[in-house]
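So the chains spell out like this:
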Amino acid sequence: MLLGLSDGTLYSMSWKGEFYGAFQFDRHPTASFDNSQMPLTLENGLSPKSHPKVLTSNHIIPRKSEINQLELCLPLRLLFVLYSDGQLVSCSVSKKGLKQVDCIKAEKRLACGDAVCASVALEQQILAVGTKRGIVELYDLAESASLIRAVSLYDWGYSMEDTGPVCSIAWTPDNSAFAVGWKLRGLTVWSVSGCRLMSTVRQIGLSSVSSPIAKPNHDCKYEPLMGGTSLMQWDEYGYRLYAIEMGSSERILSFSFGKCCLSRGVSGTTYIRQVIYGEDRLLIVQSEETDELKMLHLKLPVSYISQNWPVQHVAASQDGMYLAVAGLHGLILYDIRLKRWRVFGDVTQEQKIQSKGLLWLGKIVVVCNYVDSSNTYELLFYPRYHLDQSSLLCRKPLLAKPMVMDVYQDYMLLTYRPFDVHIFHVKLSGELTPSGNPDLQLSAVRELSIMTAKSHPAAMRFIPDQLPRESISNNYISVSSDSLTREPARCLILRANGELSLLDLDDGRERNLTDSVELFWVTCGQSEDKTNLIEEVSWLDYGHRGMQVWYPSPGANSFKQEDFLQLDPELEFDREVYPLGLLPNAGVVVGVSQRMSFSASAEFPCFEPSPQAQTILHCLLRHLLQRDKIEEALRLAELSAEKPHFSHCLEWLLFTVFEADISRPNVNKNQISVVKHAKSSLLEKTCDLIRNFPEYLDVVVSVARKTDGRHWADLFAAAGRSTELFEECFQRRWYRTAACYILVIAKLEGPAVSQYSALRLLQATLDESLYELAGELVRFLLRSGREYDQASTDSDKLSPRFLGYFLFRSSDWKQSLDKSTSFKEQSANVTSVKNILESHASYLMSGKELSKLVAFVKGTQFDLVEYLQRERYGSARLENFASGLELISQKEWIVVLATLLRRSEVLFDLFRHDVRLWKAYSTTLESHPAFIEYQDLLADLEEKLSSVANVEGK
């Protein structure tokens, strides 16, 4: 037992009460500590490389600092001592134990000075340090305790003033995530890569006004842990997080969590079926016909889960249609199509199985079983149609507890500690049916024993050889099926510390690929479906950098580092969305994020996992175009053309290619221009690809709006002449898209051409009653002369929006007409606009289309009063006043108003042409005593109307 005292001394004692001695560290180091070396990393990313943050050796421990926390990590032989002044000291522990005085030695001190808590993830070998700044810093203990990254709520608009300092840190039992509690407000759960998995702090906006000090308490009454978090603890299985609010010891809050079904350790699952499993249920992501992702809650049968709680392992079959679920004992299968469960008929057989991992081998489920009586491990092979001892296909005893397993077609991989790889070939004889009497045999085909000092593997996956589909289909008749499913020669290794490497199974060579990886999916050779959009991809990985897509590169020796793989780093992922898998037929990555719903009857909000989708289609298309696979790229795009995200993908593809093209050095551009005629550029190939789809015109001008106008010439040199694209939009009556090309034409072709195009478009938009768009064109035309140069200069400095260059004050129209003497050079242009607008106004008035006239005046700021004063053709003339009132359908209100004002002449004009209205009016006034004061008005009207009737009768 180690005891930390208030004077900074460590006491070592045994549980029997034996006192071994006191430990005090060297207070007079030989090196000095430089505070200037301490970077303030606030973002959820890497520490700046120019300021490495490491544990520094032998520094002073202030005399009056008390020990607040001890963190002992025996497997790493490390002890971390946290002092009240924020210093964190790393101590080495000798192999002899803690009995001797010299067993504990202060080695290094964390260069932060504001640490308040610390926690070690043994599996990942990561030290998490909470600071007074509200930030959690992660250090790699395997790499001299260097700073990996820092996580905080700064990017979500919350600072230390809102949350206060970090109060506690708690790692999940499997070290895959950690919870952070703050002293003033809330808790958050993060993944190792920095993805925010859950947070009790409500996301209101990118400001700190939502802090409990700045906002009234009643606005945040549904937020748990509003007063801060004092203590946290995960349960044994990592399904529940218990927390106590600061200053409130009466109750414990419990938060339920689900685990992502991923291929790690001895369990393997397909990426096409995304599953989250809780302690007694499954959450399955479903892709509807409308491409909307939904979450299906599937409860396990009570008869099974009540006896075998909680869920331990879940694996989906290769086609994603079957799920294998294992609790503490036994396993059950679920048919997604038929929505049926399959369980063991004999409960005694079920209780003999303690699953440590699940795999699918085609239609066979493989169970890694722990035999408690003999402390050994074995593999059990059950057909999915029957879970019973009588149907067991094979029982394979194992040498020891396996670290990782994987299956690819007829081959199985097992790895034991420290790093012994065994490859088996699975041979199935007989038909896999209840009446087929099938038999399964395993034969070892390869064994490797690799000596390495690296972290142990967390996952290993076979990498199939990527053969072109054409060669497979062409040679299918002459080539045996065994050669098409030959043994994979390589596999990917994901180590516990996040390193991703490629292992050659022939000679045992291992090559590092990248680091800080949390999970990955091997996508090549996994599907024969022709609609699979990701067949060209080797694999994808996810980490703190986001999603990375890896492609194969052809070559004589494809294992060479320079030409083996190509990496696409342009796929960032939302740091609130944790990826679960892929939909290969849609070309999207499926992830899950936390959403909160509130109810007036509940004290706290409901935390709802919400599925999210992010496309990778633009990455796949760009890769194919780079490899000159034009036909394959077109076929892939055609398969995706009906997807809702297709237009966005095309725009993102053209934007990224264009950005890369204009970002190249001028020297390279000049060199490329020399050989331009020999080979099309990637930009030209991209435009040629998108030109096959009707979205082309919208995509090109959208990309132009997002880029600097100085580079438009390069874009439209590849995409086509701007006037031709405008004309195509005009002919298709896509007037809004055509309007976006006006400014491009002005920039590339000159003001005269743009004014002519704008005038044509103005007339067309007026004919279609698109008055808001017509107003934008009017304002552009009125200022495109004298102020064009200045407007274009200013527009280059602004972020482009839809026709944002054409936005002017409503008074510009009148001012432009009033100042005709200062616009001599554009008088023809102003006259044309004026004539078009007056002609359309006259057309609307003569047709009595008053609602359109109002929309026209509002949209174009047309001065109708001034026009009517000059107009001499009577386009707005009415035969009488009553017909005008009838035209605007406001006759009832006019009657009421005229009665109150006693305007008999107005009422007479109305009633002489509408006898029914007069009868209703007179009856109403006569039948109500309240209207007695209007009897004289009624009598006057009756006399006038009678005289008119008599005259007309004669």
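Throughout what follows, the structure given in this document is the object of discussion. This is a predicted model, so every value here is computed, not measured.

## Looking at the pairing of strand β32 (residues 402–408)
As a general feature of sheets, a regular strand has side chains that alternate between the two faces.
Here comes step 1: Of all seven residues making up β32, seven are buried, and the element is well covered by its neighbours.
Here comes step 2: Of the strand pairs in this sheet, β32 and strand β33 (residues 411–416) are connected by six bridges, and their pairing is antiparallel. What sits directly across from Val-407, in β33, is Met-412.
Here comes step 3: Hairpin remark: β32 followed by β33, antiparallel, with two residues in the connecting loop; positive phi at Gln-409, about 50°.

## Remarks on the state of the cysteines
In protein structure, a disulfide is the covalent linkage between the sulfur atoms of two cysteines.
Here comes step 1: A full pass over the atoms with the stated rule returns zero disulfides.
Here comes step 2: Cysteine Cys-261 remains unbridged, with the sulfur of Cys-260 as its closest cysteine sulfur at 9.0 Å.

## Let's talk about the sheet that holds strand β18 (residues 240–245)
Here comes step 1: One open sheet accounts for three strands, arranged β17-β18-β19; its pairing is antiparallel. Of all the strands in the sheet, the pair left with one neighbour each is β17 (229–234) and β19 (253–256). Strand-to-strand, the axes of this sheet are offset by a mean angle of 25°, without reference to chain direction.
Here comes step 2: Two elements, β18 and β19, share four bridges in a ladder whose sense is antiparallel. Looking at the pairing, Tyr-242 lines up with Ser-254 of β19.

## Examining the packing of helix α11 (residues 682–690) against helix α13 (residues 712–719)
Here comes step 1: Where α11 contacts α13, the two axes come as close as 8 Å, and the packing angle between them is 55°. The orientation of α11 with respect to α13, classified from their angle, is oblique. In this structure, α11 crosses over α13, and the sense of that crossing is right-handed. Each of Leu-683, Glu-684 and Cys-687 in α11 lies in contact with α13, whose residues at this interface are Asp-714, Ala-718 and Ala-719.
Here comes step 2: Among the residues making up the contact of α11 with α13, the classes are represented as four nonpolar, no polar and two charged.

## Things to note about the environment of Tyr-542
Here comes step 1: Counting through the fold element by element, Tyr-542 comes out in strand β41 (residues 539–543).
Here comes step 2: What makes Tyr-542 buried here is its relative accessible area of 3%.
Here comes step 3: Once the C-alpha coordinates of Tyr-542 and Leu-519 are considered, the two residues, 23 residues apart in sequence, prove to be 5.5 Å apart.
Here comes step 4: Residues within four places of Tyr-542 in sequence aside, it is in contact with Ser-193, Cys-195, Val-517, Glu-518, Leu-519, Met-547, Phe-573, Val-577, Tyr-578 and Pro-579.

## Structural notes on helix α16 (residues 751–767)
Think of an α-helix as turning once every 3.6 residues; residues three or four places apart then point the same way.
Here comes step 1: The first and last C-alpha atoms of α16 sit 24 Å apart over 17 residues, in line with the 24 Å expected at 1.5 Å per residue.
Here comes step 2: Every buried residue belonging to α16 is among Ser-754, Gln-755, Ser-757, Ala-758, Leu-759, Leu-761, Leu-762, Ala-764, Thr-765 and Leu-766, and all of these are buried.
Here comes step 3: Looking one or two residues beyond α16, the residue adopting positive phi is Ser-769, at roughly 60°.

## Concerning the sheet that holds strand β26 (residues 332–335)
Here comes step 1: The strand order across the open sheet built from four strands is β24-β25-β26-β27, with neighbouring strands paired in antiparallel fashion. With one partner strand each, in any of the chains shown, β24 (313–316) and β27 (340–342) form the two edges of the open sheet. Taken over all neighbouring pairs, the strand axes of this sheet differ in orientation by 20° on average, direction set aside.
Here comes step 2: Relative to β27, β26 runs antiparallel, the two sharing three bridges. Bridge pairing in β27 places Tyr-334 opposite Trp-341.

Rules used throughout
- Residues numbered from 1 in each chain as written.
- Predicted model: local features only at pLDDT ≥ 70, side-chain atom pairs only at ≥ 80, totals over all residues.
- Heavy atoms only, no water.
- Buried < 20%, exposed > 50% of the residue type's maximum accessible area, 1.4 Å probe, protein only.
- Helix = DSSP H or I, 4+ residues; strand = E, 2+ residues; numbered from the N terminus.
- Pairing = 2+ DSSP bridges.
- Disulfide = S-S within 2.5 Å.
- Axes fitted to C-alpha atoms, helices over the stretch in contact; angles between N-to-C directions.
- Parallel < 35°, antiparallel > 145°, perpendicular 65-115°, else oblique.
- Left-handed = near helix turned anticlockwise from the far one by under 90°.
- Contact = heavy atoms within 4.5 Å.
- Nonpolar A, V, L, I, M, F, W, Y, C, P; charged D, E, K, R; others polar.
- Expected span 1.5 Å × (residues − 1).

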